[in-house]
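Per-entry structural report
What follows is each chain in one-letter form.
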Amino acid sequence: MTTQPTNEAAIQQWNTFPREAMEAMEPDGDFAKRHLINPVLLRMLGDVRGRRLLDAGCGHGYFSRMLAARGAHVTAVEPTDGMLAYARQKEDALGQGIRYVQADLARLPDLGGDFDAVVCSMVLPAVPDWKPAMRACVQALRPGGLLVFSVNHPAFEQLLTTWRTHGAYRLSRYLEEYEIPQTYAPAFHRPISAYLNELSALGCRLRECAEPGLDPGIAQEAQHTTPGIESYVHLPNFLIVAAERG
Ligand SMILES: C[S@@+](CC[C@H](N)C(=O)[O-])C[C@H]1O[C@@H](n2cnc3c(N)ncnc32)[C@H](O)[C@@H]1O
């Protein structure tokens, strides 16, 4: 009998994420975040000055700090002790006014609601019981508020590793849900339709889907240190979605 993964077990695994890895992602995330995810999230969010934003599953908080530096009033939620402690230390040092809350998104306490936008970047694939987490993100929004979320593109989740082996992408299972082992904590695969249909069931209106590709010049510069990086030019490693609360 296989045991169903729980949010608590996944959170414990995320809690093993080492501090050195957090420091290595200062100030604006890793390579993929810098070149593929952040520019799209920021464009979708638009001018955040003076707006109330929720960073749902903020990790070590780099994106919360980027939003606060652009003038947003940021609340950030993170369940792990380690990443939250790091984020709070940064806040103590920088004094950006970010409010941190420790919680599982599937059991989100009342945060005062009415956020203008919620960002949930690379979090939903980390959550076994993800539908209540997505619902909490939507319910935190004011009517017409914007949910922006990113996931590893469900059709190309293991892009770099399979490209390195085959010189092309290979995928043998797409339609079912399954767990993908990763260095610190697993990711959970679901087809794209699962995410988009849940948004629709929550009464959201899709505004945009983005599948960002890497600039060929940046790929060329990085190819010596990251073999297979050209795959990011040809195929999208991330799916980024913006939707409005109805
Ligand atoms: C890949 S990291 C992304 C973190 C951050 N959003 C970023 O882009 O750097 C996944 C994050 O999801 C968080 N997470 C896992 N399960 C969660 C849950 N049930 N509720 C909220 N966050 C969760 C992890 O602790 C981790 O910080």
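Residues numbered from 1 in each chain as written. Predicted model: local features only at pLDDT ≥ 70, side-chain atom pairs only at ≥ 80, totals over all residues. Heavy atoms only, no water.

Helix length check: helix α3 (residues 31-45) (15 residues) gives 21 Å between terminal C-alpha atoms against 21 Å at 1.5 Å per residue, within 8%. Helix geometry: α3 is bent most strongly at Ile-37, by close to 45°, with proline Pro-39 lying one to four residues after it. Every buried residue of α3 is accounted for by Ala-32, Lys-33, Leu-36, Ile-37, Asn-38, Val-40, Leu-41, Met-44 and Leu-45. Positive backbone phi, approximately 70°, marks Gly-46, located one or two places after α3. (Helix = DSSP H or I, 4+ residues; strand = E, 2+ residues; numbered from the N terminus. Expected span 1.5 Å × (residues − 1). Bend = angle between axes of the 7 residues up to and from the residue. Buried < 20%, exposed > 50% of the residue type's maximum accessible area, 1.4 Å probe, protein only.)

We now examine the packing of aromatic side chains. When we look at a pair of aromatic rings, we describe it by the centre distance and by the angle of the planes. Under the definition given, this model contains 6 aromatic pairs. The interplanar angle of 75° and the centroid separation of 5.0 Å between the aromatic rings of Phe-17 and Tyr-184 together place this pair among those described as edge-to-face. Of the two residues, Phe-17 is situated in the loop between α1 (7-14) and α2 (19-24) and Tyr-184 in the loop between β6 (178-180) and β7 (187-189); the sequence distance between them amounts to 167 residues. An aromatic cluster of three or more residues is present, and its members are Trp-14, Phe-17 and Tyr-184. Over the face of the ring belonging to Phe-115 we find Arg-52, whose NZ or CZ atom lies 4.3 Å from the ring centre. (Phe/Tyr/Trp six-rings, centres within 6.5 Å; stacked < 30°, edge-to-face > 60°. Lys NZ or Arg CZ within 6 Å of the ring centre and 35° of its normal.)

Close contacts around the ligand come from 18 residues, with Lys-33, Gly-57, Glu-78, Asp-104 and Ser-121 the closest. Here an oxygen atom of the ligand and a backbone polar atom of Gly-59 are 3.5 Å apart. Backbone polar atom of Leu-105 to a nitrogen atom of the ligand: 2.9 Å apart, as the coordinates give it. Examining the composition of the shell around the ligand, we find that 3 residues originate from one element, α1, more than from any other. Classifying every residue of the shell around the ligand by side-chain character gives 10 nonpolar, 5 polar and 3 charged. (Near = heavy atom within 4 Å. Polar contact = N/O pair within 3.5 Å; in protein donor to acceptor, adjacent residues only side chain to side chain. Nonpolar A, V, L, I, M, F, W, Y, C, P; charged D, E, K, R; others polar.)

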